[in-house]
Amino acid sequence: MKVLYSVEMKNITKRFSDTVANDSVNFSVKKGEIHSLLGENGAGKTTLMKTLYGMYQPNEGEIFINGHKEKIENPAKAISLGIAMVHQHFMLVEPLTAAENVVLGYEPKKGMFFNLDKAREEVTQISEKYGLKVDPLEKVEDLPVGAKQRLEIIKGLYRKADILILDEPTAVLTPLEVEDLFKVLRKLKEAGKTIILITHKLKETMEIADRVTVLRSGTIVYTAEKTETSPEKLAEMMVGRKVSFEVKKNPVEHEKKTVLELKKACYSKNKVKILNELSLNIKSGEILGLAGVEGNGQTEVIEALTGLIPLEKGEILLQGERITDLSPIKRIKAGIGHIPEDRNKRGLVEDFSIKENLILGYHRKSDFCRKGILKNNNIAKFASKIRTQFNIKTVDVDTEAAALSGGNQQKIVIGRVLSQEPKVIIAAQPTRGVDIGAIEYIHNKLMEMKEAGKAILLISAELDEIMKLSDRIAVIYEGQIVAEDEADNFDEYKLGALMTGSK
Amino acid sequence: METDMGALIASLLASSLRIAIPIAFAALGSAFCELVGIVNIGLEGMMLAGAFAGVWGSYITGSAYLGLLFAVIAGALFALIHAVLTIRYKTDHIISGLGVNMLSLGLTTVLLQVIWGNRGKSCEVAGMGSISLPIIKDIPFLQDIIGNISPFFYLLLLAVVISWLVLYKTVFGLRVRVIGENPQAADTLGIDVYKIQFICVILSGILSAVGGAYLSIGDINIFGRDMVAGRGFIAMAATIFGGWNPLGAFGGSLLFGFAQSLQIRLQVFNIPVQFAQMLPYVITILVLAISNKNNKGPAASGKHFKRGEV
Amino acid sequence: MKKLLKFIYKTDLLFSLAAFILALLISGIIISLSGYSPWEAYVTMTAGAFGSPNAVAKTLAKATPLIFTGLAVAFSFKGGLFNIGAEGQLYMGGFAAALVGIYVQGLPGILHLFLAVVAAGIVGGLWSTIAGYLKIKRGTHEVIVTIMLNYIAIFLTNYFVSYPFKAEGMIPRTEELPASLQLTRLLPHSQLTTGLLMGIAFALIVAWFMKNTVYGYEIKAMGFNQDAAEAGGVNLKRGILLTMFISGFLAAMAGVTEVLGVHGYFIKGFSPGYGYDGMAVAVMGRNNPLGVVVSAILFGALRSGGMLLDRVTDIPGDFVVIIQALVIIFIATPAIIKKVMKKKERRQGNGN
């Protein structure tokens, strides 16, 4: 008997102006399996799946759905073919209710008007059938992350999807929530659905997938049954060489002193308490990892420390001196280095040249500027030095930052901060969206800085990263630190429980 | 004495309404546009086009109602330019709007000269006149306000109510609101974002042009160079003040109308005419300044939406 | 020469020129649809703009205020702001210059001139800063506020020269300024004055400021990415106020060169929309100060050409406004020009 394929993508090539995102990709998924599409950031996984979902048109190649050749011009066509996609960034409309979000595009009507009651019923039905708990009348902006994700899955099922694409679904979840999600996925599989899981995590792949395909630099390099492969093999395939996942934690011997202190910080937004008497101590020669589910106040901790938001109560001390009311530029000058969590939002001016970006925040320093006049020669020399030192791959430092890859962009941000001898480094999501090579590089740099006696606060959504690098870990939940201890005293499950407030 | 006061108030309200009509039409248009994420500075030019086309249509056909049809078409055409530029070609919304305004000013002025041989104004044409509805004209007080009023007023009421129903009670309205908040989400759900954006921008042009037509064939029955005089921008302010809601936009327009008509009364007190003239603009600034700062518009307003971008 | 080519390439001058030509072509179609000869129109306009030394002088005279308003708008664009209020700012500035000229006495000529210029700049700058202030305090969009301020400034100065500061006679205007204060005419009996040189000087200063000062750097950072600028220690509130102030200052200079140069007094309604034209100039000059000078001269040529059109033909000179509108639209929409220039962009996934 011929194996039945839900999805067959043949010789798919997708180009964006000069770069090739997918190069003659052949990718097929059997009916009723959970298939992991594995690869590093930037390998072309999302592009391939967006092509399947009709958001991109391939330059070359054909797509077959359930054996029939199809031209998928837009998501509407994909939906009609029974394909649904849960995007990494949720595609939800915050001010609308859960039910309204689910039915969008296929709204039940009563005469000329929209029928909200019917929408609610439908959502309740699906949610009960697959154990996807969501309150249909709650506004999306009030839902926790896990519920938002369940809502996205319900959206797909409401559209009668048989093929479900999930893009990095676990990135925003705690270990416990991940288990719940996997339960749902298994249930869906039992119900005959085909599931494609985009991920860069080996562990997940080994846990849930039936088959796995590895994508590297836009081409398929490996496809196998899960039972016939190993994490080591998959890792090698992903990166193209053997990798070691160990970073040596060398505890710093000399005395640790508190450098930056946040004392009983309070901050509210729209009358909701975001930071609730939160205190933190960041010491020299130490990496303090701040673990937590996104949206529990991490962003506000970063912005309070860097002076981007004012505190309602509490204070901030740098080496014992009160800096609570200092402007961002004065804090930078005082030695607080900031690697922003969102590189493209806070970290870089994409239209600026590499050179201009490398001095941002330090542009008023006497090295770069005298009496308001920029020292353009000094700046150019400095930029070339940093470019070499931090291995930024570019033609010259006059190139616009927008032209660089994520990893090289991040090297600009990191090079900028580390080259200015900060006393404290606030590193938020330092490796988000960069390739494995750059991750290793950035991790090593942070370790070097620690060994040189800097105080480092690491905020990361990747628990692995927190556990790998931190000497001490603090867990943030609903604007408070709920636990703080030596890193060795935590394991993944304990952290997970703390992060969700269930301990 | 009492009746005097009543008559005074009635006439004040009547003139407030008259002044509010063109602004309210454009404000409704602005609401539709901003709700799908397109900023429309070009309302001014679309109103001007409507004012001109109304007179022109009335001039060549002899019927003010056909003039109104001309206005609708003109408004739709100018809106189409803005829609193509901002949606199809991703032109900056503000610059595109300014271009539309300038194009409208240039075209209407040139055509004024071509058709009537005058740089300042057209000749007088047939207007829409005014109507008195049977019951209303017998209700005391109300009869002094709307007993005898331009048909544009009833058209406006209809437009406000329908706009509200469409936006908040229909599937189309739901989709409109979704696009203004998160066009990517709408796109991934198979909703044709571009289509709805086009519809709304063109709707805004039509509504603005009807407002503009009121200024010409609904009021003085001639077209004058640049006769819209900033009302398009005032309408934008009214929309913001009204929280991007048709009823609110109508309310905001009434407020401007009231302030303006009060100002006209004040001219009796020997205030130099220039101060009276600048009042609506001062009020606009004040209203914007006191509008709730947290009254945020649609999240995706003014941003370009490109398929597939996340 | 190589440097010039690089400049042309870098500022996309070629592209701007293509947009300009396309605008002329389409306007030509509109002219012929209106029943006139586009050939006659453009020949007359060329003659009006460049046909004689006097015509050239007129073109450059018209270009002078446009350089300033163009710089003003371009400067605000650089900072990520839309100053649509150059029209009002030039009236306020021009009026301030006139007041200083008439009522401050006993200063030596050059100092008096300097004072008038600075006063104008400060008044224009502050007028523009109102919009910046409301933006940072109340979140009000500067586009609507600056437009409203235009109307207010026009009526306000109109009131001033109609009542308290009116010179004798029928015309609402101020007294004549002392001769020592009036700008020197570069060609006798023309409107071309040293104001042109002042405009070029200001363009060079703005270019230098943007490239070499820390303030220019911060304003650019703010214009490109406010969030990153903020995280990089740029004080956004101060940046917005500074940008609006400098932009208003530059716009006010257009009032100065008109009042001190062309007229010799402040007269009601002296600007036929120089402030609004400044937007077209800035867009066409691609916000580059030297590009602004070039495009101001082109628009000056359109103006003087339009005037001759009104004088010697039946063709309405207001066609110039249509040309300007089309230039704005085409330049702001590179995709159209690229299509016309047959540079096919191979961009799929755009979904269009």
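The model shown is predicted, which means the values in this text are computed figures rather than measured ones.

What chain C contains, in helices and strands, is 15 helices and 0 strands. In terms of C-alpha radius of gyration, chain C reaches 21 Å, essentially the compact-globule figure of 20 Å for 352 residues. Within chain C, the fraction of its 352 residues that count as buried is 57%. Summarising the internal contacts of chain C: among those between residues at least 6 apart in sequence, 76% fall at separations of at least 24.

Quick look at the overall build of chain A now. Broken down by element type, chain A carries 17 helices and 24 strands. In terms of C-alpha radius of gyration, chain A reaches 24 Å, essentially the compact-globule figure of 23 Å for 503 residues. C-alpha atoms of chain A, sized along the principal axes, occupy 75 × 50 × 45 Å. For chain A, with 503 residues in total, the buried portion stands at 48%. For chain A, contacts bridging at least 24 residues in sequence account for 68% of all contacts bridging at least 6.

Attention now goes to the nonpolar core. Ranked by internal contacts, the top residues of the largest apolar core, which has 287 residues, are A:Ile83, A:Ile165, C:Leu71, C:Ala97, C:Val327 and C:Ile328. By size, the runner-up hydrophobic cluster in this structure holds 83 residues, among which are A:Leu288, A:Ile302, A:Ile412 and A:Phe490.

For the pair helix α4 (residues 93–116) of chain B and helix α14 (residues 319–332) of chain C, the least separation of the axes is 8 Å and the interaxial angle reads 160 degrees. Here α4(B) is positioned roughly antiparallel relative to α14(C), judged by the angle of their axes. Crossing hand, α4(B) versus α14(C): left-handed. Here B:Ile95, B:Ser96, B:Leu98, B:Gly99, B:Met102, B:Leu103, B:Leu105, B:Gly106, B:Leu107, B:Thr109 and B:Val110 of α4(B) lie close against α14(C), whose contacting residues are C:Phe319, C:Val321, C:Ile322, C:Gln324, C:Ala325, C:Ile328, C:Ile329 and C:Ala332. Per-class residue counts for the contact of α4(B) with α14(C) are 14 nonpolar, 5 polar and no charged.

For the rest of this paragraph, the subject is the pairing of strand β3 (residues 34–38) of chain A. Residues and elements named next belong to chain A. Where burial is concerned, most of β3 is hidden: 5 out of the 5 residues are buried. Burial along β3 is two-sided: the residues Ile-34, Ser-36 and Leu-38 and His-35 and Leu-37 are all buried. Pairing analysis gives 5 bridges linking β3 to strand β10 (residues 194–199), with the strands arranged parallel. Considered in β10, the bridge of Leu-37 is made with Ile-198. As defined by bridge partners, β3 adjoins strand β11 (residues 211–216) across 4 bridges and the pair is classed as parallel. In the strand pairing of β11, Ser-36 is matched with Val-212.

Turning to the interface of chain B and chain A, a few remarks are in order. Each partner contributes residues to the interface: chain B has 18 residues there, and chain A has 23 residues. Elements with a minimum of two residues in the side of chain B that touches chain A: α7 (171–181) and α8 (183–188) of chain B. The leading source of residues in the side of chain B that touches chain A is α8(B), at 5 residues.

On to the sheet that holds strand β23 (residues 472–477) of chain A. Residues and elements named next belong to chain A. Taken in spatial order, the 6 strands line up as β18-β21-β22-β15-β23-β24 in an open sheet, and their pairing is mixed. With one partner strand each, in any of the chains shown, β18 (336–339) and β24 (480–486) form the two edges of the open sheet. Strand after strand, the sheet turns through a mean of 15 degrees between neighbouring axes, direction not considered. Where strand β21 (residues 424–428) lies against strand β22 (residues 455–459), 5 bridges are found, and the strand directions are parallel. For Ile-425, the partnering residue across the bridge sits in β22 and is Ile-456. Across the sheet, helix α9 (residues 298–306) is in contact with β15 (286–291), β18, β21, β22 and β23; its angle to β21 comes to roughly 150 degrees. Contacts from helix α14 (residues 406–418) reach β18 and β21 within the one sheet, and its direction differs from that of β18 by about 175 degrees.

Counting residues at the interface gives 39 residues for chain B, matched by 39 residues for chain C. For the side of chain B that touches chain C, the secondary structure elements donating two or more residues are α3 (64–88), α4, α10 (231–241) and α12 (273–290) of chain B. In terms of residue count, the dominant contributor to the side of chain B that touches chain C is α4(B) (14 residues). In terms of residue class, the side of chain B that touches chain C is built from 23 nonpolar, 11 polar and 5 charged.

Segmenting chain A into domains produces domain 1 (5–239), domain 2 (258–335 + 422–499) and domain 3 (352–415). Centre-to-centre separation of domain 1 of chain A and domain 3 of chain A, based on C-alpha positions: 39 Å.

All right, on to α4(B) then. The end-to-end C-alpha distance of α4(B), which contains 24 residues, comes to 34 Å, matching closely the 34 Å that a straight helix rising 1.5 Å per residue would cover. Within two residues after α4(B), B:Gly117 carries a phi angle of roughly 60 degrees, on the positive side.

Attention now goes to the sheet that holds β3(A). Residue and element names in this part refer to chain A. Spatially, β6-β9-β10-β3-β11-β12 is the arrangement adopted by the 6 strands of the open sheet, whose pairing is mixed. Two strands close off the open sheet at either side, each with one partner strand: β6 (83–86) and β12 (219–225). Here the strands of the sheet are splayed against their neighbours by 15 degrees on average, with no regard to which way each runs. In the packing of helix α6 (residues 175–190) onto the sheet, contacts are made with β3, β9 (163–167) and β10, and the angle to β10 comes to roughly 150 degrees. Strand contacts of helix α8 (residues 231–239): β3, β11 and β12, with the helix running at about 25 degrees to β11, the strand carrying the most contacts.

With that settled, consider the packing of helix α2 (residues 43–61) of chain B against α3(B). Residues and elements named next belong to chain B. Running from amino to carboxyl end, α2 crosses α3 at an angle of 145 degrees, the nearest separation of the two axes being 7 Å. Helix-helix and strand crossings are classified by hand; for α2 and α3 the assignment is right-handed. Contact with α2, carried on its side by Gly-45, Met-46, Ala-49, Gly-50, Ala-53, Gly-54, Val-55, Trp-56, Gly-57, Ser-58 and Thr-61, involves Ala-64, Leu-66, Gly-67, Leu-68, Leu-69, Phe-70, Ala-71, Ile-73, Ala-74, Gly-75, Phe-78 and Ala-79 of α3 and no other residues of that element. When its residues are assigned to classes, the contact of α2 with α3 shows 15 nonpolar, 8 polar and no charged.

Here we take up unusual backbone geometry. Residue and element names in this part refer to chain A. Positioned with a positive phi, Lys-160 is a non-glycine residue whose angle comes to about 65 degrees. Along the chain, the position of Lys-160 falls in the loop between α5 (145–158) and β9. The class of Lys-160 is exposed, set by 11 C-beta atoms lying within 10 Å.

Residues and elements named next belong to chain C. Tracing the sequence through the fold places Leu-66 in helix α4 (residues 53–78). Sequence separation between Leu-66 and Asp-277 is 211 residues; the distance between their C-alpha atoms is 6.9 Å. Those residues in contact with Leu-66, other than ones at most four positions away along the chain, are Tyr-274, Asp-277, Gly-278, Val-281, Ala-296, Phe-299 and Gly-300.

Another aspect to go through is helix α6 (residues 109–138) of chain C. Residues and elements named next belong to chain C. Taking 1.5 Å per residue, 30 residues should reach 44 Å; α6 reaches 43 Å between its end C-alpha atoms and fits that length. Largest kink in α6: about 30 degrees, centred on Thr-129. Of the residues trailing α6, Gly-139 is marked for its positive phi of about 70 degrees.

Residues and elements named next belong to chain A. By the bridge criterion, 6 bridges tie β11 to β12 in an arrangement that is antiparallel. Bridge pairing in β12 links Leu-215 to Ile-220. Joining the antiparallel neighbours β11 and β12 is a turn of 2 residues, in which Ser-217 adopts a positive phi near 45 degrees.

What follows covers the environment of B:Gly127. Residue and element names in this part refer to chain B. Assignment of secondary structure puts Gly-127 in the loop between α4 and α5 (142–146). Accessibility expressed as a C-beta count within 10 Å gives 19 for Gly-127, which makes it partly exposed. Once residues within four sequence positions are removed from consideration, Gly-127 is found in contact with Ala-64, Ile-217, Gly-218 and Asn-221.

Rules of the game
- Throughout this document, residue positions are counted from 1 along each chain, in the order its sequence is written.
- Chain A is the first chain written and ligand 1 is the first ligand written, with later ones labelled in order.
- The predicted nature of this model means local features are confined to residues of pLDDT at least 70 and side-chain atom pairs, given and counted, to a pLDDT of 80 or more, with totals for whole chains, interfaces and linings taken over all residues.
- Note on conventions: DSSP H or I runs of at least 4 residues are helices, E runs of at least 2 residues are strands, and numbering of each starts at the N terminus.
- Computation of the radius of gyration draws on C-alpha atoms alone. For the globule rule, the value is 2.2 Å times the number of residues to the power 0.38.
- In this scheme the burial state of a residue depends on its C-beta neighbours within 10 Å: 20 or more other such atoms mean buried, 12 or fewer mean exposed, and anything in between means partly exposed; the C-beta positions come from the backbone.
- By the convention adopted here, residues are in contact when the distance between their C-beta atoms, placed from the backbone, does not exceed 7 Å.
- Here, a nonpolar core denotes buried Ala, Val, Leu, Ile, Met, Phe, Trp, Tyr and Cys residues that are linked to one another through C-beta atoms within 7 Å.
- For every element, the axis is a line fit to its C-alpha atoms; helices are fit only across the contacting stretch, and the angle between N-to-C directions ranges from 0 to 180 degrees.
- Roughly parallel means an angle under 35 degrees; roughly antiparallel means over 145; roughly perpendicular covers 65 to 115; every other angle is labelled oblique.
- Two helices that cross are described as forming a left-handed crossing if the nearer one is turned anticlockwise from the farther one by less than a right angle, and a right-handed crossing if clockwise.
- Note on residue classes: Ala, Val, Leu, Ile, Met, Phe, Trp, Tyr, Cys and Pro are nonpolar, Asp, Glu, Lys and Arg are charged, and everything else, Gly too, is polar.
- In this analysis, strands are considered paired if DSSP registers two or more bridges between them.
- Just so you know, the domain bounds were taken from an automatic or database domain assignment.
- A helix's residues, less one, multiplied by 1.5 Å, set its expected span.
- Throughout, bend refers to the angle between the axes fitted to the seven residues that end at a position and the seven residues that start at it.

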